[in-house]
Amino acid sequence: MDSGTESELAAEKLATEKLATEKTDDRAKALMAQDENSPDKGGGLPIIQYWAEHTLSPEGPKLWKTLLHKSACLSCAWGTGGQKGGFTNEEGEKLQRCMKSVEAITAEMMPPVADDFFARYSLDELQQLTSLEADRLGRLSYPVILRAGSTHYERIGWEEIYQMTAAAFRQQPERVASYSSGRSSNEAAYLLQLMMRTLGSNNLADCSDLCHSPSTVGLKEVFGTSTSMVSLENLKQADCVVLIGANSPSNHPRFMNELIKLRDRGGKVIIVNPVVEVGLVKFGSPAFPIKSLIPGSDIASLYLQLIPGSDVALFVGIQKALLEKGLAKQDFLHAHAENWEAVVEFAQNTAWETLTATCGVSQQEIEAAAEIIGAAKGAVFAWAMGATQHDNSVDNIYSIANTAVLSGHVGKPGAGTMPIRGHSNVQGFGSMGVTTKLKQEIKQALEKLLGRSLNLPEGYDTRALIEAADLHKVDALLCLGGNLYAANPDSTQAKRALGQIETIVYLATKPNLGHFHGLAKQNTLIIPVFNRFENPHKTTTESGNNFVRLNNEGETHLKSADLVSEVGFLTELAHRLHGADPVDWRKLQDTQYVRHLIAQTIPGYEKIGAIDTTLEEFTISGRIFNQPHFATPSGKAKLFVTPLPLLTLPSISEFGLPDSTQGIVLALMTGRSYSQHNTVVYKIGDQYRGMPHRNCILMNAGDARRVGFEEHDRVTVQANAGKLENVEIIYGMVREGSALMFYPEVNVIFKAKVEPRSGTPAFKRVPAVVYAL
């Protein structure tokens, strides 16, 4: 090929990329301009106003003291704080706190629930509260119990708590279970699974079962490790990020700073999302007060607004374009991948018409994405629950990983796969063995520690736990944080299932809806615990990028409170269940000894055994791949063919409505609002989507008008488990044929399909009908 032809091809590639980029970027900006509900950017001055309201308030000095405390941020798993200081990340960068962090800390600094509160308010009254109202009740500062037949919670003493809980867990091992959230520490997580497995139970359900379990399953199969292979240091070397199914401006705000810096150094950001989120188009970051905060920074270079659930078709399309344009790294595939031939053949043989019809993205846009990825020196593929909460979500992860390998963007600095975790220590719980799918090397180490076989039954993940409870197969449940009731689809089933369990013990810092709706048949206990920055002992947490932080001891503002640490509760319960066998459980109330056990039994955590002396925080070994040698038996990435999903919607009549009904069937997505953390709601609306309250549906204006609806009309939304009435239509930048409503309130209307390999419900594609009242 002569140099002239090469120049022409290069020019053609640049023109294709520019045309499609301009098209989608302009389209996203045009949608923002047309949407009167949408601000001109995400972030911006409202963040500064929020900070000022809280840090300059009478409670400001206490808030600043907590923000500066040497402990990890309570909010998302992006991670900051620890021994470098509350505002410092693992790279030593300062000012690493965000509004989400302030929200979480402010909620934990509320006054205590009044001494006579539970005597004054009946269960019927408490069940009328919203998530926001429940959270605003204040901090739990004394233990309470709801006994069978009672209308009120009442105080209970610690000796009765331990006797009752120990008796409840002395059942057949398969009839006891736990559920946990990522709010707690590595030490509490380790003790929880150790206690449960010593009982002989593998029923270790976790909140990750509902969100990133497909990432864990898929990445383990492809690369031999189930977490991000990208460190923060590596991310800073990337010149391309593909961000899939994540509303990071709301849920991981400090990640936006990395995207802004990437764009500033000439890199490209590809957004894959059925909703045009304003902050993913332009974001004003307080970290850059002059260049970004007020004018905003461009984020998306290319915005691909796909049909919900069609990720596989889009990424097979990108693979096809990489192959057709000579951008696939054939030498890399031969040297560092297995089964790539079948993946390549599948992409080559799948027609463009099939791919574009399935995902709703044009061939030109897909080719532009391939051009950007193929031209990048280092591309990072990042995703959140928009990719994982589907009934084929493991295939979604396979297709993303296949694309990363095919383009050669794994096994080198500045490139790789990076699931973005939600809760601050949710990944740490998995590392500690809180899972029904225990890694073989951890199992063997625990067997040596415990002196017994751990060939236990499969165990219940979160959805299996609800199903088992509904069938009267669970007698006792311990919930270490979280809100099991509200986090599940089909709220009616969740409430009924939990009501079949004899005893439920909730460890929590604040009231939530689960405490008022997720009630046991006989005894429901709420145990008040210290939060992370109050604990009387050191703890550790793990970020989504595999960095382990050490949290200092603290003190609580709750004077005369009757609190217990999670570690203290678990070790005392374990002692009453097991005595001093096979370990001295009460000795483990000193968390330094827990860390010694972790160092002996959890691969990659060897350094935690000396962290009390060295204060050296660390990146877990064996997870960051800077060379193309992976943790699989062959050392190669193992690729998987990913069949295209069949995306259909039922007719109106299949919902039991007449064909003549004024309405439309849509693919409904659940989502969190701007001021929300998992099931906890801090504000009822979402200013960036223009949704003023919780009982809204975000619809495409064209969809609404086609069936005679206008904005602010009130409608009924129905799925396969129930309906919500008087729902307000809000026009928004959502893909035609789809809609969005707020989680957890919308959970009451649907029974979600479950991805069979991961157990994760399909929250992001729920067939629903919107019809006139």
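Reference entry: report on the structure contained in this document. Just so it is clear, the model here is predicted, and its values are computed rather than measured. (Residues numbered from 1 in each chain as written. Predicted model: local features only at pLDDT ≥ 70, side-chain atom pairs only at ≥ 80, totals over all residues. Heavy atoms only, no water.)

**Focus: the overall build of the chain**
Line of reasoning, step 1. Along its length, the chain carries 32 helices and 28 strands.
Line of reasoning, step 2. Since a compact globule built from 773 residues should have a radius of gyration of about 28 Å, the 25 Å found for the chain is in line with a globular shape.
Line of reasoning, step 3. Seen along its three principal axes, the alpha-carbon backbone of the chain occupies a region of about 85 × 60 × 50 Å.
Line of reasoning, step 4. Sequence separation of 24 or more characterises 77% of the internal contacts of the chain that already satisfy a separation of 6 or more.
Line of reasoning, step 5. Element-wise, carbon and sulfur atoms account for 52% of the exposed surface of the chain, whose accessible area totals about 26600 Å². (Helix = DSSP H or I, 4+ residues; strand = E, 2+ residues; numbered from the N terminus. Rg over C-alpha atoms; globule rule 2.2 N^0.38 Å. Contact = heavy atoms within 4.5 Å. Areas by Shrake-Rupley, 256 points an atom, 1.4 Å probe, with all protein chains shown as cover.)

**Some remarks on the sheet that holds strand E10 (residues 302–304)**
Line of reasoning, step 1. Ordered in space as E10-E7-E6-E12-E13, the five strands form an open sheet in which the pairing is parallel. With one partner strand each, in any of the chains shown, E10 and strand E13 (416–419) form the two edges of the open sheet. Neighbour-to-neighbour, the strand axes of the sheet open up by a mean angle of 15°, direction not taken into account.
Line of reasoning, step 2. Both strand E6 (residues 240–244) and strand E12 (residues 379–383) contribute to a ladder of five bridges, which runs parallel. In the sheet register, Cys240 faces E12, and the bridge partner there is Ala379.
Line of reasoning, step 3. Packing against the sheet, helix H13 (residues 253–264) makes contact with E6, strand E7 (268–272) and E13, and its axis sits at approximately 140° to E6.
Line of reasoning, step 4. Its contacts with the sheet put helix H16 (residues 311–324) on E6, E7, E10 and E12, and the angle it makes with E6 is roughly 155°. (Pairing = 2+ DSSP bridges. Axes fitted to C-alpha atoms, helices over the stretch in contact; angles between N-to-C directions.)

**Thoughts on the nonpolar core**
Line of reasoning, step 1. Core analysis: the biggest nonpolar cluster contains 109 residues, and Phe223, Leu243 and Leu314 have the highest contact counts within it.
Line of reasoning, step 2. Among the elements that make up this core, the one with the highest residue count is H16 (nine residues).
Line of reasoning, step 3. Discounting residues that sit within four places of it in the chain, Leu243 has contacts with Ser248, Phe255, Leu259, Ile270, Ile271, Val272, Leu280, Ala382 and Ile420.
Line of reasoning, step 4. Counting 67 residues, the second-largest nonpolar core is a separate cluster that includes Ala177, Leu513, Ile664 and Val746. (Core = buried A, V, L, I, M, F, W, Y, C linked by side-chain atoms within 4.5 Å. Buried < 20%, exposed > 50% of the residue type's maximum accessible area, 1.4 Å probe, protein only.)

**Describing the side chain of His54**
Line of reasoning, step 1. Position of His54 among the secondary structure elements: in helix H2 (residues 45–55).
Line of reasoning, step 2. By relative accessible area, which is 18% here, His54 ends up buried.
Line of reasoning, step 3. At 3.0 Å, the side chain of His54 and the backbone oxygen of Tyr50 are in polar contact.
Line of reasoning, step 4. Contact partners of His54, with chain neighbours within four places excluded, come to Gly60, Leu63, Val102 and Thr106. (Polar contact = N/O pair within 3.5 Å; in protein donor to acceptor, adjacent residues only side chain to side chain.)

**What about H16?**
Line of reasoning, step 1. Helix length check: H16 (14 residues) gives 20 Å between terminal C-alpha atoms against 20 Å at 1.5 Å per residue, within 8%.
Line of reasoning, step 2. Among the 14 residues of H16, 13 are classified as buried, and the element is accordingly described as predominantly covered.
Line of reasoning, step 3. In the segment just after H16, Gly326 is the residue with positive phi, at about 70°. (Expected span 1.5 Å × (residues − 1).)

**Points about the packing of helix H25 (residues 462–470) against helix H27 (residues 491–498)**
Line of reasoning, step 1. It is at 7 Å that the axes of H25 and H27 come closest, and there the two elements cross at 60°. Considered as vectors, H25 and H27 are oriented oblique to each other. Both H25 and H27 take part in a crossing whose hand is left-handed. Of H27, the residues touching H25 (which contributes Arg463, Ile466, Glu467, Ala469 and Asp470) are Gln493, Ala494, Arg496, Ala497 and Leu498.
Line of reasoning, step 2. Among the residues making up the contact of H25 with H27, the classes are represented as five nonpolar, one polar and four charged. (Parallel < 35°, antiparallel > 145°, perpendicular 65-115°, else oblique. Left-handed = near helix turned anticlockwise from the far one by under 90°. Nonpolar A, V, L, I, M, F, W, Y, C, P; charged D, E, K, R; others polar.)

**Structural notes on the sheet that holds strand E27 (residues 738–742)**
Line of reasoning, step 1. Strand order in this closed barrel of six strands is E21-E27-E24-E26-E25-E28, and the pairing throughout is mixed. Between one strand and the next, the sheet's axes are offset by a mean angle of 45°, whatever the strand orientation.
Line of reasoning, step 2. As paired strands, strand E25 (residues 714–718) and strand E28 (residues 766–772) are joined by four bridges and run antiparallel to one another. Directly across from Thr716, in E28, lies its bridge partner Tyr771.

**Thoughts on the packing of aromatic side chains**
Line of reasoning, step 1. Scanning the entire structure with this criterion turns up 17 aromatic pairs.
Line of reasoning, step 2. Relative to Phe640, the ring of Tyr398 lies with its centre 4.3 Å away and its plane at 10°, an arrangement referred to as stacked. Here Tyr398, found in helix H22 (residues 393–406), pairs with Phe640, found in the loop between strand E20 (637–638) and strand E21 (663–671); they are 242 residues apart in sequence, far enough to count as distant.
Line of reasoning, step 3. The class of Tyr398 is buried, set by a relative accessible area of 6%. (Phe/Tyr/Trp six-rings, centres within 6.5 Å; stacked < 30°, edge-to-face > 60°.)

**What about a nonpolar patch on the surface?**
Line of reasoning, step 1. Together, Leu45, Ile48 and Ile294 make up a nonpolar patch on the protein surface, roughly 260 Å² of accessible area in all.
Line of reasoning, step 2. Looking at the element boundaries, Ile48 is found in helix H2. (Patch = residues over 30% accessible without salt bridge, like charges linked within 9 Å, V, L, I, M, F, W, Y side chains within 5 Å. Salt bridge = Lys/Arg side-chain N within 4 Å of Asp/Glu carboxyl O.)

**So, the environment of Gln96**
Line of reasoning, step 1. When you line up the elements, Gln96 lands in the loop between helix H3 (60–67) and helix H4 (99–108).
Line of reasoning, step 2. The sequence separation of Gln96 and Thr462 amounts to 366 residues, and the corresponding C-alpha distance is 33 Å.
Line of reasoning, step 3. Among residues more than four places away in sequence, those in contact with Gln96 are Thr80, Gly86, Phe87, Thr88, Asn89 and Arg254.
Line of reasoning, step 4. Here the side chain of Gln96 touches Lys94 through a polar contact of 3.2 Å, landing on its backbone oxygen.

**Regarding the packing of helix H24 (residues 440–450) against helix H30 (residues 591–601)**
Line of reasoning, step 1. Viewed as axis vectors pointing N to C, H24 and H30 meet at an angle of 125°, and their least axial separation amounts to 9 Å. When the axis of H24 is compared with that of H30, the two are oblique. Seen from H24, the contacting residues are Ile442, Ala445, Leu446 and Leu449; seen from H30, they are Leu597, Gln600 and Thr601.
Line of reasoning, step 2. Split by residue class, the contact of H24 with H30 holds five nonpolar, two polar and no charged.

**Quick look at the side chain of Asn488**
Line of reasoning, step 1. Along the chain, Asn488 falls in the loop between helix H26 (484–487) and H27.
Line of reasoning, step 2. For Asn488, a relative accessible area of 0% gives the class buried.
Line of reasoning, step 3. Looking at Asn488, its side chain comes within polar contact range of the side chain of Arg463, at 2.8 Å.
Line of reasoning, step 4. Discounting residues that sit within four places of it in the chain, Asn488 has contacts with Leu210, Thr462, Arg463, Ile466, Ala494, Asn747 and Phe763.

**Concerning the pattern of salt bridges**
Side-chain pairs of opposite charge can arise whenever the charged atoms involved come near each other.
Line of reasoning, step 1. Following the criterion strictly, the structure yields 45 salt bridges and no others.
Line of reasoning, step 2. Between Lys291 and Asp264 there is a salt bridge whose closest N-O contact spans 2.3 Å. Taken together, the residues span a long stretch of sequence, with Lys291 in helix H15 (residues 289–293) and Asp264 in helix H13 at a distance of 27 residues.
Line of reasoning, step 3. Given the relative accessible area of 49%, Asp264 is considered partly exposed.
Line of reasoning, step 4. Of the charged contacts in the structure, one is a salt bridge between Arg586 and Glu572, with a shortest N-O distance of 2.9 Å. One end of the pair, Arg586, is in the loop between helix H29 (566–578) and H30; the other, Glu572, is in helix H29, with 14 residues separating them in the sequence.
Line of reasoning, step 5. Residue class for Arg586 comes out partly exposed when judged on its relative accessible area of 40%.
Line of reasoning, step 6. Using a relative accessible area of 9% as the deciding quantity, one classes Glu572 as buried.

**Focus on the environment of Gln319**
Line of reasoning, step 1. Here Gln319 shows up in helix H16.
Line of reasoning, step 2. In this structure, the C-alpha to C-alpha distance between Gln319 and Cys76, residues 243 residues apart in sequence, is 32 Å.
Line of reasoning, step 3. Apart from residues no more than four positions distant in its own chain, Gln319 is found in contact with Val343, Ala347, Ser399, Asn402, Thr403 and Leu406.

**Here we look at unusual backbone geometry**
Line of reasoning, step 1. The omega torsion of the bond from Asp581 to Pro582 falls at 0°, within 30 degrees of zero and hence cis.
Line of reasoning, step 2. Among the structural elements, Pro582 can be located in the loop between H29 and H30.
Line of reasoning, step 3. Residues Tyr743 and Pro744 are joined by a peptide bond in cis, for which omega reads 5°.
Line of reasoning, step 4. By secondary structure assignment, the location of Pro744 is in the loop between E27 and E28.
Line of reasoning, step 5. In this structure, Asn546 takes a positive phi of about 70° despite not being glycine.
Line of reasoning, step 6. Secondary-structure assignment places Asn546 in the loop between strand E17 (539–542) and strand E18 (547–551).

Nothing here speaks to function; it is geometry throughout.
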